[in-house]
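Remarks on the overall topology
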Amino acid sequence: MGEREADIRPEMAGRSPKIGSGTAENKGVARQAPTARNGTAGDELPCLLELALRRENMLAAYKRVVKNGGAPGVDGMTVEELKPYCQLHWARIRQEILSGTYLPKPVRKVEIPKPDGKGTRMLGIPCVFDRMIQQAIHQVLSPMYEVTFSDSSYGFRPGRSAHQAVAQSRDHIRSGYDWVVDVDLEKFFDRVNHDVLMALLARRVEDRRLLLLIRRYLQAGIMEGGVVSPRVEGTPQGGPLSPLLSNILLDELDKLLEARGHHFCRYADDCNVYVKSKAAGERVLASLERFLQKRLRLRINRDKSAVDRPWKRKFLGYTVTATRKSRLKVAPESVKRLKTKLRQLFRTGRGQSLKKVFTLLRPVIQGWTAYFRMSEVKETFQLLDKWLRHRARVLLWRRWKRTKTRLKELCRRGITMDEARLCACNRLGPWRNSGSKQMNLAVPTRWLQSQGLVSFLETHAKLALSQ
């Protein structure tokens with residue numbers, strides 16, 4: 001925004017209280033009309049909504065939204081167009097927000113494939129301006145709630161990550177809690193009950209204008225194909241406020257598990273509870289199902305939830321070995337999804353040079369390996385390297401097309417004519433022939449690496465050393 005956005009500054013009197021610096025008991029909320037030491041009313045301190053709309057807070061929200069980028073909402077406004085829009089309309093919209101007359105625009109419905117390939121996940125993309133307001137609210141509310149969130153909650157929280165959640169789950173298993181209650185919430189983000197969530201917010205947030213604005217964001221319609229549908233439940237993923245609201249709701253679950261002394265890890269709506277026997281796990285699962293249904297109006301997906309051994313389940317893409325000292329390893333489902341993605345990139349690379357194809361693969365390989373750098377089992381990366389080299393040789397084999405070309409290329413690469421005929425003059429498919437002894441000798445690993453092919457195993461070793 002810069003200094004030119006002088007319009008984005010609420011006119012506020014008095015001092016600003018520090019949000020989130022107290023305990024849960026003081027609620028972190030400033031009273032609107034504090035009494036002075038001599039017993040008379042002093043200058044009014046700003047409420048939470050006014051704090052959210054302060055110039056410095058709005059500038060920080062603007063910078064975050066621009067940095068994150070993202071697709072436009074239903075109005076088609078891009079992040080590049082947000083600055084001039086604010087310069088023209090901020091004073092008016094700010095007054096509407098403070099007076100309670102502002103109405104957020106509907107979110108744009110987008111469906112993306114689920115990681116497991118089964119069905120789609122719905123995203124709700126708010127307009128860029130509404131994303132900025134939501135981000136400003138998030139920056140004010142987050143410090144209030146962070147001090148009271150559970151230490152076993154890791155999703156969408158500053159300074160916490162999926163890797164920390166995975167490490168804690170491994171520690172629980174090594175401590176002898178070798179049965180896991182894997183809780184899967186059925187369509188969580190689509191089924192959040194607005195009344196339950198608003199009641200939880202009202203316990204800590206006393207500013208009714210801010211509560212009204214949050215409810216309006218929850219109830220903003222969903223536009224699909226030019227038609228707006230009302231929304232009576234759910235917090236569709238896509239807005240900055242949705243992750244915080246989901247944590248506020250599921251913190252009730254965390255507090256219950258802590259009160260009962262359970263060992264657990266939660267990352268967003270993925271929750272694992274670790275117990276010492278199957279019978280204990282069945283009791284915990286039944287109890288949690290009753291609590292979630294009665295208290296939070298959420299349902300457990302019984303088809304995906306289970307009480308089982310940890311090495312038969314996955315958590316955030318990882319699983320563990322079935323040994324006394326459980327070691328982290330990549331879950332088979334994660335490897336399967338990666339191969340599907342790499343196959344698509346190989347298809348995209350048909351007709352391009354091998355170096356260009358490897359350039360497309362490099363960020364995917366490095367990013368995937370970086371996420372799974374905590375894996376303590378190297379075999380997965382060795383097998384992936386073998387599979388990747390095989391796919392690269394398939395690509396070459398297909399490019400050579402005719403038998404004459406294949407014979408020529410194999411001989412040029414040091415294979416005798418008799419050996420080359422065994423490989424090139426048969427009716428086997430590209431996968432079988434590209435995995436033959438002749439093809440492995442003609443296209444060795446060192447040559448593929450010279451063309452830019454990145455190794456999973458070598459990348460993992462470097463990342464492991466840097467941890």
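This structure is a prediction, so every number in the text was calculated from the model and none was measured.

1. Remarks on the overall build of the chain
The secondary structure content of the chain amounts to 19 helices and 10 strands. Counting all 467 residues of the chain, 48% fall into the buried class. The long-range share in the chain, meaning contacts at least 24 apart out of those at least 6 apart in sequence, stands at 72%.

2. Some thoughts on the sheet that holds strand β6 (residues 263–267)
With antiparallel pairing, the 4 strands of this open sheet are ordered in space as β6-β7-β3-β8. At either end of the open sheet lies a strand with only one pairing partner, and these are β6 and β8 (306–308). Taking each pair of neighbouring strands and ignoring which way they run, the sheet shows an average axis angle of 15°. Where helix α9 (residues 242–259) meets the sheet, it contacts β6 and β7 (270–275), and its direction lies at approximately 170° from that of β6.

3. Digging into the layout of surface pockets
In this model, the second largest pocket occupies a volume close to 330 Å³. As for the second largest pocket, its lining consists of 13 residues, and the residues nearest its centre are Q135, H138, G239, P240 and P243. Sorting the residues of the lining of the second largest pocket by element identifies α2 (55–68), α4 (128–146) and α9 as the ones contributing at least two each. With 3 residues, α4 is the single largest residue contributor to the lining of the second largest pocket. Looking at the lining of the second largest pocket, its residues break down into 4 nonpolar, 8 polar and 1 charged.

4. Here's the deal with helix α12 (residues 354–371)
Between the first and last C-alpha of α12 there are 26 Å, a value that for 18 residues agrees with the 26 Å anticipated at 1.5 Å per step. Along α12, the sharpest kink reaches roughly 30°, centred on L361 and followed within four residues by the proline P363.

5. Here we look at the pattern of salt bridges
Scanning all chains against the criterion turns up 23 salt bridges. A salt bridge links R309 to D178; the shortest N-O distance between them is 3.3 Å. Of the two residues, R309 is situated in the loop between β8 and β9 (318–320) and D178 in the loop between α5 (162–174) and β3 (179–184); the sequence distance between them amounts to 131 residues. According to the relative accessible area criterion, R309 is partly exposed, its value standing at 23%.

6. What about the confidence of the model for the chain?
Looking at the chain, pLDDT values average 88 and 89% of them are 70 or higher. Per-residue pLDDT stays below 50 along residues 1–45; that stretch engages in 79 contacts with residues further than four places along the chain or on separate chains.

7. As for the packing of aromatic side chains
Each aromatic ring pair is specified by the distance between its two centres and by the angle formed by the two planes. Taken as a whole and assessed by the stated rule, the structure comprises 13 aromatic pairs. Where Y145 meets F149, the ring centres are 6.2 Å apart and the plane angle is 25°; that geometry is what we call stacked. For the pair formed by Y145 and F149, the shared burial category is buried. When the centroid spacing of 5.0 Å and the interplanar angle of 50° are considered together, the rings of Y318 and F372 count as tilted. Of the two residues, Y318 is situated in strand β9 and F372 in the loop between α12 and α13 (379–400); the sequence distance between them amounts to 54 residues. You can call Y318 buried: its relative accessible area is 2%. A relative accessible area of 5% means that F372 is categorised as buried. Aromatic rings pair up to connect Y318, W368, Y371, F372, F381 and F456 into one cluster.

8. Examining the environment of T445
With respect to the helices and strands, the residue T445 is situated in helix α18 (residues 445–450). Residue T445 is classed as partly exposed on the basis of its relative accessible area, which comes to 29%. Sequence separation between T445 and R389 is 56 residues; the distance between their C-alpha atoms is 7.3 Å. T445 has contacts with R389 and R393, leaving out every residue within four places of it along the chain. Engagement of the side chain of T445 in a polar contact is seen with the side chain of R389, the distance being 3.4 Å.

What counts and how
Residues numbered from 1 in each chain as written. Predicted model: local features only at pLDDT ≥ 70, side-chain atom pairs only at ≥ 80, totals over all residues. Heavy atoms only, no water. Helix = DSSP H or I, 4+ residues; strand = E, 2+ residues; numbered from the N terminus. Buried < 20%, exposed > 50% of the residue type's maximum accessible area, 1.4 Å probe, protein only. Contact = heavy atoms within 4.5 Å. Pairing = 2+ DSSP bridges. Axes fitted to C-alpha atoms, helices over the stretch in contact; angles between N-to-C directions. 1 Å grid on protein atoms, 1.4 Å probe; cavity = no way out; pocket = protein on both sides within 12 Å on 5 of 7 lines; lining within 4 Å. Points joined across faces, edges and corners; volume = space filled by probe spheres on them. Nonpolar A, V, L, I, M, F, W, Y, C, P; charged D, E, K, R; others polar. Expected span 1.5 Å × (residues − 1). Bend = angle between axes of the 7 residues up to and from the residue. Salt bridge = Lys/Arg side-chain N within 4 Å of Asp/Glu carboxyl O. pLDDT = per-residue confidence, 0-100. Phe/Tyr/Trp six-rings, centres within 6.5 Å; stacked < 30°, edge-to-face > 60°. Polar contact = N/O pair within 3.5 Å; in protein donor to acceptor, adjacent residues only side chain to side chain.

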